[in-house]
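Given next are the chains, with one letter for each unit.
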Amino acid sequence: MGRRRKPIQEKLRVDQNPNFRQYKDTNYYLSIMGQIYKKGKTKDYPIKTWDHAGSQSFKVNGKRVNATKAFYELFKGKIPEGYIVIHKNGLIKDMNVNN
């Protein structure tokens, strides 16, 4: 008797996953848990952010995008003029929407 195999679960692509939202009509998708993925033809690729002048950034079509602002605007709405986004826990690398 062999071991029972677990059924293969298909992983949802980022454009089919309700936890992800598309960033400004690009191939980039941001999740409520703070992940950034680029949608490829057959596979989704995780994108790493880097620290730039005290904030997390990632590149979209060659342009630097502030990750904190991108997450806030995508999940919470437009940032009012004169306001800045501050992380509740103080960790700039924690992009969770609830932070």
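Residues numbered from 1 in each chain as written. Predicted model: local features only at pLDDT ≥ 70, side-chain atom pairs only at ≥ 80, totals over all residues. Heavy atoms only, no water.

Novice: Got a minute to help me understand the sheet that holds strand 5 (residues 50–52) in this structure?
Specialist: Strand pairing in a sheet relies on backbone hydrogen bonds, with the paired strands running either antiparallel or parallel. Judged by pairing direction, the sheet is antiparallel, and its 3 strands sit side by side in the order 5-6-7 without closing on themselves. One side of each edge strand has no neighbouring strand; the edge strands of this open sheet are strand 5 and strand 7 (63–66). This sheet shows a mean twist of 55 degrees between the axes of neighbouring strands, independent of strand direction. Pairing analysis gives 4 bridges linking strand 6 (residues 55–60) to strand 7, with the strands arranged antiparallel. Pairing of lysine 59 across the sheet is with arginine 64, part of strand 7. Contacting strand 6 and strand 7, helix 1 (residues 67–75) runs over the sheet at an angle of about 65 degrees to strand 7. (Pairing = 2+ DSSP bridges. Helix = DSSP H or I, 4+ residues; strand = E, 2+ residues; numbered from the N terminus. Axes fitted to C-alpha atoms, helices over the stretch in contact; angles between N-to-C directions. Contact = heavy atoms within 4.5 Å.)

Novice: Just to check I follow, could you spell out the nonpolar core for this structure?
Specialist: Counting 13 residues, the largest nonpolar core has Tyr23, Leu30, Phe58 and Phe71 as the members making the most contacts within it. When residues of this core are traced back to their parent elements, those giving at least two are strand 2 (28–31), strand 6 and helix 1. When residues in this core are grouped by element, the largest group, 4 residues, is from helix 1. (Core = buried A, V, L, I, M, F, W, Y, C linked by side-chain atoms within 4.5 Å. Buried < 20%, exposed > 50% of the residue type's maximum accessible area, 1.4 Å probe, protein only.)

Novice: Could you clarify how one ought to interpret the packing of aromatic side chains in this entry?
Specialist: Between two aromatic rings, the relevant description is the distance of the centres plus the angle of the planes. Scanning the entire structure with this criterion turns up 4 aromatic pairs. Pairing tyrosine 28 with phenylalanine 58 gives two aromatic rings, centres 6.3 Å apart and planes at 45 degrees, and the pair type is tilted. Of this pair, tyrosine 28 sits in strand 2 while phenylalanine 58 is found in strand 6, placing the two residues 30 residues apart along the sequence. Just as tyrosine 28 is buried, phenylalanine 58 falls in that class too. Ring pairing ties together the aromatic residues Tyr23, Tyr28 and Phe58, which thus form one cluster. (Phe/Tyr/Trp six-rings, centres within 6.5 Å; stacked < 30°, edge-to-face > 60°.)

Novice: What is the right way to read the confidence of the model for the protein chain from this model?
Specialist: Caution applies to low-pLDDT parts of the model: their predicted coordinates are not meant to be read in detail. In this model, the protein chain carries a mean pLDDT of 86, and residues with pLDDT of at least 70 account for 92%. Ranking the elements of the protein chain by mean pLDDT puts strand 5 last, at 80, and strand 1 (residues 20–22) first, at 95. (pLDDT = per-residue confidence, 0-100.)

Novice: Explain the sheet that holds strand 3 (residues 36–39) here, please?
Specialist: In spatial order, the strands read 1-2-3-4; together these 4 strands make up an open sheet with antiparallel pairing. Lying at the two open borders of the sheet, with one neighbouring strand each, are strand 1 and strand 4 (44–46). Neighbouring strand axes in the sheet, compared pairwise and without regard to direction, differ in orientation by 35 degrees on average. With 3 bridges joining them, strand 2 and strand 3 adopt antiparallel strand pairing. Its bridge partner being in strand 3, leucine 30 is matched across the sheet by isoleucine 36. Across the sheet, helix 1 is in contact with strand 1, strand 2 and strand 3; its angle to strand 2 comes to roughly 75 degrees.

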